[in-house]
Amino acid sequence: PRRARHDGAKGAPMTPLRFYAARTLRNEGLLKTLSVAPPALAQALAGQRVALVGNARALAETRHGAAIDAADLVIRINRAPMPDPASHGSRTGWLALATRLPAADRARLAPRRILWMSPKRKRLDWQTAHSPGFYLHPLSAVRELEQTLGAPPSTGIMTAALVLAAPVAGLTLYGFDFFASLSLSGSRGKADVPHDFAAEAAWFAARAEDDARLRIA
């Protein structure tokens, strides 16, 4: 069985009871002890050519799979449906997560590292929080991007901003059409999600003009 981690500040073991109490009471300081530090994550990204794979339905109509798998690091989002290797590739390095992950999807994707991007800490489960290399995205970063966009940021834009803040060699986005073709991971329409996809598209367009590392396939 996996050993309980220790709260670095207090030296007490992070038992399931302590974890779920911290989650319920929004004890951010205690939850942060489970996460790798942002500088360590940036170091892991240094020099990498990253493919960030979104869940737009239109991706299934492409042949981007080989290019995705050729990246140094492939990051997928949430449950990351992969209907065909020809369009989606087959590799998963990291998983940017903002929802509960069913056991079948966890086994299918088998990510080396999980990034918990959602500010909704009550969705974070014990297995995810104790997975190797676990990263908890700071609430301050979520709020800063929300102020810029005027709406809650999607997992995709938060992950892209995180990657671009590190010294990566490049970041290519696949399966990002800002909900024009909806999402493979669900049946919701634009009216059913809290994000401002026009604002996110504008953010990416402006960032691509200023940062040659960013490319949208």
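Residues numbered from 1 in each chain as written. Predicted model: local features only at pLDDT ≥ 70, side-chain atom pairs only at ≥ 80, totals over all residues. Heavy atoms only, no water.

Draft legend 1. Spatial organisation of the overall build of the protein. When you go through the protein residue by residue, the secondary structure sums to 10 helices and 9 strands. Against the 2.2 N^0.38 benchmark of 17 Å for 217 residues, the protein shows a C-alpha radius of gyration of 17 Å, consistent with a compact globule. Dimensions along the principal axes, computed over C-alpha positions, put the protein at roughly 50 × 35 × 35 Å. Burial analysis of the protein (217 residues in total) assigns 45% to the buried set. A sequence separation of at least 24 residues applies to 53% of the contacts in the protein between residues at least 6 apart. On the protein, roughly 10600 Å² of surface is accessible, and the fraction owed to carbon and sulfur atoms is 54%. Charged side chains in the protein number 29 positive and 17 negative. The centres of these two groups are separated by 10 Å. (Helix = DSSP H or I, 4+ residues; strand = E, 2+ residues; numbered from the N terminus. Rg over C-alpha atoms; globule rule 2.2 N^0.38 Å. Buried < 20%, exposed > 50% of the residue type's maximum accessible area, 1.4 Å probe, protein only. Contact = heavy atoms within 4.5 Å. Areas by Shrake-Rupley, 256 points an atom, 1.4 Å probe, with all protein chains shown as cover. Lys, Arg positive; Asp, Glu negative; His and termini not counted. Charge placed at Lys NZ, Arg CZ, Asp CG, Glu CD.)

Draft legend 2. Up close: the packing of aromatic side chains. This structure, assessed with the given rule, holds 6 aromatic pairs. Centre to centre, the rings of Phe-19 and Trp-126 are 5.7 Å apart; their planes meet at 75 degrees, and the pair counts as edge-to-face. Of this pair, Phe-19 sits in helix H1 (residues 16–24) while Trp-126 sits in helix H7 (residues 126–129), and the two are 107 residues apart along the sequence. Measuring from ring centre to ring centre gives 4.8 Å for Phe-179 and Phe-197, while their planes differ by 0 degrees; the resulting arrangement is stacked. Linking Phe-179 in the loop between strand S8 (170–174) and helix H10 (197–210) with Phe-197 in helix H10, this pair joins segments that are 18 residues apart in sequence. Per residue, the accessibility class of Phe-179 equals that of Phe-197, and both read buried. Through successive ring pairs, a cluster of aromatic residues spans Phe-176, Phe-178, Trp-203 and Phe-204. One residue, Arg-113, lies across the ring of Trp-94, its end atom 4.7 Å from the ring centre. (Phe/Tyr/Trp six-rings, centres within 6.5 Å; stacked < 30°, edge-to-face > 60°. Lys NZ or Arg CZ within 6 Å of the ring centre and 35° of its normal.)

Draft legend 3. Structural detail: the layout of surface pockets. Size it by volume and the second largest pocket reaches roughly 280 Å³. Together, 15 residues line the second largest pocket, and His-137, Ala-141, Ala-161, Leu-162 and Ala-165 are the ones closest to its centre. Put simply, the parts of the chain that give the lining of the second largest pocket at least two residues each are helix H3 (38–45), helix H8 (139–149) and helix H9 (155–164). No other element matches the 4 residues that H3 contributes to the lining of the second largest pocket. Taken together, the residues of the lining of the second largest pocket sort by class into 12 nonpolar, 1 polar and 2 charged. (1 Å grid on protein atoms, 1.4 Å probe; cavity = no way out; pocket = protein on both sides within 12 Å on 5 of 7 lines; lining within 4 Å. Points joined across faces, edges and corners; volume = space filled by probe spheres on them. Nonpolar A, V, L, I, M, F, W, Y, C, P; charged D, E, K, R; others polar.)

Draft legend 4. Inspection of the nonpolar core at higher detail. In terms of nonpolar packing, the biggest core is built from 33 residues, with Val-50, Leu-52, Ile-75, Leu-115, Leu-171 and Phe-204 touching the most fellow members. Top contributing element to this core by residue count: H9, with 6 residues. Once residues within four sequence positions are removed from consideration, Leu-115 is found in contact with Leu-41, Trp-94, Leu-95, Ala-96, Leu-97, Tyr-135, Thr-159 and Leu-162. Counting residues in each nonpolar core, the second largest holds 17 residues, with Phe-19, Leu-31, Leu-95 and Leu-136 among its members. (Core = buried A, V, L, I, M, F, W, Y, C linked by side-chain atoms within 4.5 Å.)

Draft legend 5. Here's a closer look at H1. Looking at H1, one finds that the buried residues are Phe-19, Ala-22 and Arg-23. The arc that holds every buried residue of H1, seen down its axis, measures 100 degrees, which confines them to one face. Elements that come into contact with the buried residues of H1 comprise strand S2 (13–14), helix H2 (28–32) and H7. Looking at the residues trailing H1, positive phi occurs at Arg-26, about 55 degrees. (Arc of directions from axis to C-beta.)

Draft legend 6. Seen up close, the packing of H9 against H10. For the pair H9 and H10, the least separation of the axes is 11 Å and the interaxial angle reads 20 degrees. In terms of their interaxial angle, H9 and H10 are classed as roughly parallel. The element H9 and its partner H10 pack so that their crossing is left-handed. Taken together, the residues of H10 that come into contact with H9 (itself represented by Gly-156, Ile-157, Ala-160, Ala-161 and Leu-164) are Glu-200, Trp-203, Phe-204 and Arg-207. Classifying every residue of the contact of H9 with H10 by side-chain character gives 6 nonpolar, 1 polar and 2 charged. (Axes fitted to C-alpha atoms, helices over the stretch in contact; angles between N-to-C directions. Parallel < 35°, antiparallel > 145°, perpendicular 65-115°, else oblique. Left-handed = near helix turned anticlockwise from the far one by under 90°.)

Draft legend 7. Main features of the sheet that holds strand S4 (residues 73–77). In space, the 7 strands of this open sheet follow the order S7-S6-S5-S4-S3-S8-S9, with parallel pairing throughout. Single-partner strands in this sheet number two, and they are strand S7 (135–136) and strand S9 (214–216). As paired strands, strand S5 (residues 94–97) and strand S6 (residues 113–116) are joined by 4 bridges and run parallel to one another. Opposite Trp-94, over in S6, you have Arg-113 as the bridge partner. (Pairing = 2+ DSSP bridges.)

Coordinates in, geometry out; function isn't part of it.
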